[in-house]
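Listed below, chain by chain, are the residues.
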Amino acid sequence: MSVTRRYRDAWEGFWREAPQEAGAVFWDAEPDRTVGRHLALFEPYLTDPGLPLVDLGCGNGTQTRFLADRFPRVVGADLSAAALDHARRADPAGQAMYRQLDAAERNAAQTLHAELGDANVYMRGVLHQCEPDDRQPLVDGVAALLGERGRAFLVELSEAAKSVLVGLARDPAGPPPKLAPVLRHGIAPGEVADAAVPAYLHGAGLTVLAAGELSLTTTEHTPDGTRIELPSAWWVVARAA
Ligand SMILES: C[S@@+](CC[C@H](N)C(=O)[O-])C[C@H]1O[C@@H](n2cnc3c(N)ncnc32)[C@H](O)[C@@H]1O
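Now for a quick tour of the structure. Worth saying up front: this structure is predicted, and the values here are computed from it rather than measured. (Residues numbered from 1 in each chain as written. Predicted model: local features only at pLDDT ≥ 70, side-chain atom pairs only at ≥ 80, totals over all residues. Heavy atoms only, no water.)

**Notes on the site of the ligand**
Here is the rule we go by: One heavy atom within 4 Å of a molecule or strand is enough for the residue carrying it to be called near that molecule or strand. We define a polar contact as two N or O atoms separated by no more than 3.5 Å, with the added condition that, inside protein, one atom must be a possible hydrogen donor and the other a possible acceptor, whereas residues neighbouring each other in sequence contribute only through side-chain atom pairs. For the area figures, the Shrake-Rupley method with a 1.4 Å probe applies, and any residue is considered shielded solely by the protein chains shown. Helix numbers and strand numbers start at the N terminus; a helix is a DSSP run of H or I with at least 4 residues, a strand a run of E with at least 2. Residues are grouped as follows: Ala, Val, Leu, Ile, Met, Phe, Trp, Tyr, Cys and Pro are nonpolar; Asp, Glu, Lys and Arg are charged; all remaining types, including Gly, are polar.
Lining the immediate environment of the ligand, one finds 21 residues, of which Trp15, Gly57, Asp78, Ala103 and Arg124 sit closest. One of the side-chain N or O atoms of Trp15 is found 2.9 Å from an oxygen atom in the ligand. In the model, an oxygen atom of the ligand is placed 2.8 Å from a nitrogen or oxygen of the Arg124 side chain. Protein contacts shield 98% of the accessible area of the ligand, which totals 600 Å² for the unbound molecule. In terms of residue count, the dominant contributor to the shell around the ligand is helix α1 (residues 5–17) (3 residues). Its residues placed into classes, the shell around the ligand shows 12 nonpolar, 6 polar and 3 charged.

**Focus on the sheet that holds strand β4 (residues 120–124)**
Short version of the rule: Strand pairing requires that DSSP identify at least two bridges connecting the strands. Helix axes are fitted only over the stretch in contact, all axes being lines through C-alpha atoms; the angle between N-to-C directions runs from 0 to 180 degrees.
Taking strand neighbours across the sheet as the criterion, the 7 strands line up as β3-β2-β1-β4-β5-β7-β6 in an open arrangement whose pairing is mixed. Edge strands, defined here as strands with exactly one partner in the open sheet, are β3 (97–100) and β6 (206–221). Within the sheet, the average angular offset between the axes of one strand and its neighbour, ignoring direction, is 20 degrees. Note that strand β2 (residues 74–78) and β3 share 4 bridges and pair parallel. Bridge pairing links Asp78 to Gln100 in β3.

**Looking at the packing of helix α6 (residues 132–146) against helix α9 (residues 196–203)**
Note the following rule: To sort the angles, those under 35 degrees are grouped as roughly parallel, those over 145 as roughly antiparallel, those from 65 to 115 as roughly perpendicular, and the leftovers as oblique. Take the far helix as your reference; a near helix turned counterclockwise from it by less than a right angle gives a left-handed crossing, and one turned clockwise gives a right-handed crossing. Throughout, a residue-residue contact means that at least one pair of heavy atoms, one from each residue, lies within 4.5 Å.
At their nearest, the axes of α6 and α9 sit 8 Å apart, and the two run at 50 degrees to each other. One finds that α6 runs oblique with respect to α9. α9 is crossed by α6, and the crossing has right-handed handedness. Touching Arg135, Gln136, Val139 and Asp140 of α6 are Ala199, Tyr200, Leu201 and Gly203, all from α9.

**Some points on the pattern of salt bridges**
Worth spelling out the cut-off: Just to be clear on terms, a salt bridge is a Lys or Arg side-chain nitrogen sitting within 4 Å of an Asp or Glu carboxyl oxygen.
The full count for this structure, using the stated rule, is 10 salt bridges. Among the salt bridges present, the one from Arg149 reaches Asp118, with a minimum N-O distance of 3.9 Å. Here Arg149 is found in the loop between α6 and β5 (152–157), whereas its partner Asp118 is found in the loop between α5 (106–116) and β4, with 31 residues between them in sequence. Among the charged side chains, a salt-bridge network with shared partners connects Glu30, Arg33 and Arg227.

**Things to note about the environment of Val166**
Formally: Burial here depends on accessible area, computed with a 1.4 Å probe over protein chains only, as a share of the maximum for the residue type. Under 20% is buried, over 50% is exposed, and the range in between is partly exposed.
Along the chain, the position of Val166 falls in helix α7 (residues 160–169). Assessed through its relative accessible area of 28%, Val166 is described here as partly exposed. Counting along the chain gives 24 residues from Val166 to Gly190, while the straight-line C-alpha distance between them is 9.7 Å.

**Looking at the pairing of β5**
Quick note on the threshold: Throughout, right-handed denotes a crossover for which the path from the first strand over the helix to the second runs clockwise when the strands point away from the viewer.
Counting buried positions along β5 yields 6 of 6 residues, so the element is predominantly enclosed. Of the strand pairs in this sheet, β4 and β5 are connected by 4 bridges, and their pairing is parallel. Looking at the pairing, Arg124 lines up with Val155 of β5. As for the winding sense of the linkage, the β-α-β connection from β4 through α6 to β5 is right-handed.

**A few points about the packing of aromatic side chains**
In plain terms, the rule: When the centres of two rings from Phe, Tyr and Trp lie within 6.5 Å, Trp using its six-membered ring, the rings pair. Their planes under 30 degrees apart give stacked, over 60 give edge-to-face, and anything left gives tilted. Sitting over a ring, as applied to charges here, requires NZ of Lys or CZ of Arg to be within 6 Å of the ring centre and within 35 degrees of the ring normal.
The tally for this structure, following the rule as stated, stands at 9 aromatic pairs. A centroid spacing of 6.4 Å and a plane angle of 20 degrees characterise the contact between Trp11 and Trp15, whose relative ring orientation is stacked. In this pair, Trp11 and Trp15 are both assigned in helix α1, 4 residues apart and thus about one turn of the helix distant. Here Trp11 and Trp15 have matching classes, each one buried. Here the aromatic cluster, defined as three or more aromatic residues joined through ring pairs, consists of Trp11, Phe14, Trp15 and Trp27. Stacked on the ring of Phe66, the Lys or Arg Arg70 has its end atom at 3.5 Å from the ring centre.

**Quick look at the side chain of Thr218**
Tracing the backbone shows Thr218 in strand β6. Residue Thr218 is classed as buried on the basis of its relative accessible area, which comes to 0%. In terms of polar contacts, Thr218 uses its side chain to reach the backbone amide nitrogen of Glu220, at 3.1 Å. Here Ile228 takes part through its backbone oxygen, which lies 2.7 Å from a polar atom of the side chain of Thr218.

Shown next, in the form of structure tokens:
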């Protein structure tokens, strides 16, 4: 199965209107506050750092470029062609490769695996806003990319993020400017129940090697100038023995 037309159009519309500048998108925080922290947690579990690394749901590629500075072969993959246009424009030297794919579509992940072989996967903020029917297929897609030797680092908003986001969305002064386009395009973040994630992982034949909680840094600030951070959870996973 593949994602609904509505969901695909929501992301295309969002990325078509998104500004190109760094930090203009709500979750597009500086890599040293995001993927840099994640790598410190992920790297000890990589059995083969030389495997291709897929940034799944790479968006405009901010995290992808950071990864491409550190790993020999990085592929940024996203559902949205407009997101990949941003990512390619921001990577004129072509440090990473970019690929349009729907990771919830069984053949797409299998085809990429057939091309790359076993891969490591980084996935930040993709599962939590996709539609309920897409969640298990998406995690199955991660498992297909990993094969036997790959490891994945997944980081997703926790359930608790939803009430923070609802509070921001209902602010009488209006939502923070960079959250407004997310809501306007019908992208609903923070939808996955915390308890559901281990079940998706198990369902995909994956085992959890490490897990924890970490706030997800956004690019927005409260009126007193504090950076808005959202509760999130992370997992390092591999194919179950
Ligand atoms: C919240 S953004 C996160 C982007 C990036 N990972 C980051 O942290 O900056 C979620 C991204 O996942 C992509 N996405 C959603 N569902 C997907 C799917 N089924 N397959 C591939 N990409 C998907 C969206 O197009 C969007 O660019």
